[in-house]
Amino acid sequence: GAVVSQHPSWVICKSGTSVKIECRSLDFQATTMFWYRQFPKQSLMLMATSNEGSKATYEQGVEKDKFLINHASLTLSTLTVTSAHPEDSSFYICSARDPSGGYEQYFGPGTRLTVT
Amino acid sequence: GESVGLHLPTLSVQEGDNSIINCAYSNSASDYFIWYKQESGKGPQFIIDIRSNMDKRQGQRVTVLLNKTVKHLSLQIAATQPGDSAVYFCAEKYTGNQFYFGTGTSLTVIP
């Protein structure tokens, strides 16, 4: 089956610094990837749609200058949390859609971000 | 718009019993739905999907029912096992390829 990886799996950073999270599709090419955020005991909230070779589409209320998304290749999307603050601490999950596989999205294992 | 996360409702069942997990989705234009299972600290795993032109779909030990009149989905798990303990989310698609997740239900199976 389709596999999506994320790196790192967890990261601790100091307030004010930036953190980059990578999402890779390992055995398929993904023209579209998605980034979600999940707070403890809550649902996944879609942050943005990452489109290969073009600008990301952000959901309402998500700051595009704070959450920078780059989808430079068909197998890699990155999310950079800029000037992170403690309230950005969360579980960040990416997913990728295999264009040959219908609408199903394959999820990565998530990245736990803690901002101190 | 997308569902807003709330604190998860919980469901406890005895091992071997059937489980029914419910989900109210938000958009009457949604045309495709997926149930996902999420274990602690992991990403969601696909369980079963259903298109809006269907009202029932069966998989191995799982059945999804769709009632478009009241915008309701349910996931039935037969003979629930301890390994089924997890959080279950429904997700709906109504624009492009984006999916929006429901609140989720935490299922605990009692041995």
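Residues numbered from 1 in each chain as written. Chains lettered and ligands numbered in written order. Predicted model: local features only at pLDDT ≥ 70, side-chain atom pairs only at ≥ 80, totals over all residues. Heavy atoms only, no water.

(A) View of the side chain of S30 of chain B. Residue and element names in this part refer to chain B. With respect to the secondary-structure elements, S30 resides in the loop between β2 (19-24) and β3 (32-38). By relative accessible area, which is 4% here, S30 ends up buried. Within the local environment of S30, its side chain forms a polar contact with the side chain of E92, the two groups lying 2.5 Å apart. Not counting the four nearest positions on each side in its chain, S30 is found in contact with Y25, S52, E92, K93 and Y94. (Helix = DSSP H or I, 4+ residues; strand = E, 2+ residues; numbered from the N terminus. Buried < 20%, exposed > 50% of the residue type's maximum accessible area, 1.4 Å probe, protein only. Polar contact = N/O pair within 3.5 Å; in protein donor to acceptor, adjacent residues only side chain to side chain. Contact = heavy atoms within 4.5 Å.)

(B) Summary view of the interface of chain B and chain A. Facing the 24 residues of chain B at the interface are 21 residues of chain A. Between chain B and chain A, the buried area comes to about 2000 Å², and carbon and sulfur atoms account for 56% of it. If you look at where chain B meets chain A, you find 0 salt bridges. There are 7 residue pairs in polar contact (both at pLDDT 80 or more) connecting chain B and chain A. (Buried area = accessible area lost by both parts, 1.4 Å probe. Salt bridge = Lys/Arg side-chain N within 4 Å of Asp/Glu carboxyl O.)

(C) View of the confidence of the model for chain B. Per-residue confidence for chain B gives a mean pLDDT of 92; residues scoring 70 or more make up 94%. Ignoring residues within four places in sequence, the model shows residues 1-5 of chain B, a span with pLDDT below 50, making 13 contacts including any to other chains. (pLDDT = per-residue confidence, 0-100.)

(D) The nonpolar core, seen in detail. W35, F67, I69, L79, Y92 and L113 of chain A are the most contacted members of the largest nonpolar core, which has 24 residues in total. The set of elements that each furnish at least two residues to this core consists of β2 (10-13), β3 (19-25), β4 (32-38), β5 (44-51), β7 (67-73), β8 (76-81), β9 (90-97) and β11 (111-115) of chain A. When sequence neighbours within four positions are dropped, the list of residues in contact with I69 of chain A reads W35, A48, S50, A56, Y58, S77, T78 and L79 of chain A. One finds I21, V62, V64 and L73 of chain B within the second-largest nonpolar core, a separate group that totals 19 residues. (Core = buried A, V, L, I, M, F, W, Y, C linked by side-chain atoms within 4.5 Å.)

(E) Molecular detail of the sheet that holds strand β1 (residues 4-7) of chain A. Residue and element names in this part refer to chain A. Spatially, 4 strands are ordered β1-β3-β8-β7 in an open sheet, and the strand pairing comes out antiparallel. Of all the strands in the sheet, the pair left with one neighbour each is β1 and β7. Across the sheet, the mean angle from the axis of one strand to that of its neighbour is 20°, orientation sign disregarded. Across 6 bridges, the pairing between β3 and β8 is antiparallel. Paired with C23 across the two strands is S77, which belongs to β8. (Pairing = 2+ DSSP bridges. Axes fitted to C-alpha atoms, helices over the stretch in contact; angles between N-to-C directions.)

(F) View of the packing of aromatic side chains. Overall, the coordinates contain 12 aromatic pairs over all chains when judged by the stated rule. With a centroid separation of 5.0 Å and an interplanar angle of 80°, the aromatic rings of F107 of chain A and Y36 of chain B are classed as edge-to-face. Taken as a pair, F107 of chain A in strand β10 (residues 105-107) and Y36 of chain B in strand β3 lie in two separate chains rather than in one. The residues F107 of chain A and Y36 of chain B share a single accessibility class, namely buried. Taking 5.0 Å as the distance between ring centres and 20° as the angle between the ring planes, the aromatic pair formed by Y94 of chain B and Y100 of chain B counts as stacked. Linked through ring pairs, Y36 and F107 of chain A together with Y36, F89 and F101 of chain B together constitute an aromatic cluster. Sitting over the face of the ring of Y103 of chain A, K93 of chain B holds its NZ or CZ atom 4.1 Å from the ring centroid. (Phe/Tyr/Trp six-rings, centres within 6.5 Å; stacked < 30°, edge-to-face > 60°. Lys NZ or Arg CZ within 6 Å of the ring centre and 35° of its normal.)

(G) Seen up close, the state of the cysteines. Residues and elements named next belong to chain B. By the definition in use, this model includes 2 disulfides over all chains. Here C23 pairs with C90 through a disulfide, and the sulfurs are 1.6 Å apart. Pair noted here: C23 is in strand β2 and C90 is in strand β8 (residues 86-95), with a separation of 67 residues, a long-range link. Like C90, C23 is buried. (Disulfide = S-S within 2.5 Å.)

(H) Structural context of the pattern of salt bridges. Here the structure, examined in full by the defined rule, presents 7 salt bridges over all chains. Between E22 of chain A and R24 of chain A there is a salt bridge whose closest N-O contact spans 3.4 Å. Taking the shortest distance from any N to any O, the salt bridge between D49 of chain B and R57 of chain B comes out at 2.2 Å. A relative accessible area of 14% means that D49 of chain B is categorised as buried.

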